[in-house]
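Here are the chains, one letter per residue:
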Amino acid sequence: MTDKPQQIVRDDYFTSPIYWISKKEWLTHLDKSSNIYIDKRKKELKKEINERNKKYGNKKDHGYVFHSTPLVGDPNFNNFQQHVIQMSYGILDQQGFDLTNHKLVMNELWVQEFAKSGGGHHTLHTHWNGHISGFYFLKISPKTSFPVFEDPRPGRNMNLLPEKDKKNITHASSQVCYYPNPGDMILFNSYLPHLFMVDNGYEPFRFIHFNVQAIDKRFAK
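Each value, and the rule that gives it
Residues numbered from 1 in each chain as written. Predicted model: local features only at pLDDT ≥ 70, side-chain atom pairs only at ≥ 80, totals over all residues. Heavy atoms only, no water. Pairing = 2+ DSSP bridges. Helix = DSSP H or I, 4+ residues; strand = E, 2+ residues; numbered from the N terminus. Axes fitted to C-alpha atoms, helices over the stretch in contact; angles between N-to-C directions. Contact = heavy atoms within 4.5 Å. Salt bridge = Lys/Arg side-chain N within 4 Å of Asp/Glu carboxyl O. Buried < 20%, exposed > 50% of the residue type's maximum accessible area, 1.4 Å probe, protein only. Expected span 1.5 Å × (residues − 1). Arc of directions from axis to C-beta. Core = buried A, V, L, I, M, F, W, Y, C linked by side-chain atoms within 4.5 Å.

A. Region of interest: the sheet that holds strand 9 (residues 194-196). The strand order across the open sheet formed by 4 strands is 4-9-6-7, and the pairing between neighbours is antiparallel. Edge positions in the sheet fall to strand 4 (122-125) and strand 7 (175-177), since each has one partner strand and no second. Averaged over all adjacent pairs, the angle separating strand axes in this sheet is 15°, with direction ignored. Where strand 6 (residues 147-150) meets strand 7, 3 bridges bridge the pair, whose relative direction is antiparallel. Looking at strand 7, one finds that valine 148 is bridged to cysteine 177.

B. The sheet that holds strand 5 (residues 132-139), seen in detail. Strand order in the open sheet formed by 6 strands is 1-8-5-10-3-2, and the pairing between neighbours is antiparallel. Two strands lie at the open edges of the sheet, namely strand 1 (18-22) and strand 2 (65-67), each paired on one side alone. Adjacent strand axes in the sheet meet at a mean angle of 25°, parallel and antiparallel pairs treated alike. By the bridge criterion, 3 bridges tie strand 2 to strand 3 (residues 102-114) in an arrangement that is antiparallel. Pairing of phenylalanine 66 across the sheet is with glutamate 113, part of strand 3. Relative to strand 5, helix 1 (residues 27-56) is tilted by about 90°, and along the sheet it contacts strand 2, strand 3, strand 5 and strand 10 (206-216).

C. Representation of the pattern of salt bridges. Tallied over the full model, the rule gives 12 salt bridges. Among the salt bridges present, the one from lysine 23 reaches glutamate 25, with a minimum N-O distance of 3.2 Å. Among the salt bridges present, the one from lysine 167 reaches aspartate 165, with a minimum N-O distance of 3.3 Å. Given a relative accessible area of 72%, lysine 167 falls into the exposed group. The class of aspartate 165 is partly exposed, set by a relative accessible area of 29%.

D. Representation of helix 2 (residues 78-95) within the structure. Helix length check: helix 2, at 18 residues, gives a terminal C-alpha distance of 26 Å against a target of 26 Å (1.5 Å per residue), a fit within 8%. Listed as buried for helix 2 are Phe80, Gln81, Val84, Ile85, Ser88, Ile91 and Leu92. With its buried residues spanning 130° around the axis, helix 2 presents them on a single face. In helix 2, the exposed positions angled more than 90 degrees off the buried face are occupied by Asn79, Gln86 and Gln94. If you follow the buried residues of helix 2, they end up packed against strand 1, helix 1, strand 3, strand 5, strand 8 (184-189) and strand 10. Note on helix 2: the residue one or two positions beyond its end, glycine 96, has a positive phi of about 110°.

E. Examining the nonpolar core more closely. In terms of nonpolar packing, the biggest core is built from 26 residues, with Leu30, Phe80, Leu109, Tyr136, Met185, Ile208 and Phe210 touching the most fellow members. At the level of elements, helix 1, helix 2, strand 3, strand 5, strand 8 and strand 10 are the ones that each hand at least two residues to this core. The element that contributes the greatest number of residues to this core is helix 2, accounting for 5 residues. Not counting residues within four places of it along the chain, the set of residues in contact with tyrosine 136 comprises Lys23, Lys24, Trp26, Leu27, Leu30, Phe80, Gly183, Asp184, Met185, Phe207, Ile208 and Phe210.

Next comes the structure, spelled out in structure tokens:
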């Protein structure tokens, strides 16, 4: 039996890693392929927006999030899906999960654009029945919305003490903000709570969102 250390030693466990990478080579193709979906959704909501503005006053498309139909199955996004699945496998494998009897599938894939006149946002949420989630940013700038991640440990949050300085990321932090550029991708475990800050409508904000699930091979198609 080895001697116990004479000075205090810190071990870090139960961390929640976030991964990000720049893939600008995908940007032009994926943004162009997304146009048809965003344009379609804007046309579908045009009547609803006009009726709201007629009833309450003209705020244009303020507050709307234009959410596409599923992109899984669209050949324009096939290569993207395969790359994401490969990266997700590598992440889960590196984290220590045994995927021998599991197959990774992309069970959700969609593109969203926030309202041109501002107000678009996402409230805090997680993605149930998934294992890796992420974003690929098509249109984003320092003037737009951005993703925020929150500590997933409810027991810690129940007894949270004040932070000395919220501008510094420390073990006391309960929230982390990311400020990506167009062509950046972020991946994370699907249990990690996240949100998007309210967009002020100064510049376009568009991103692809995806969820990857590990399915037991006995039940996979």
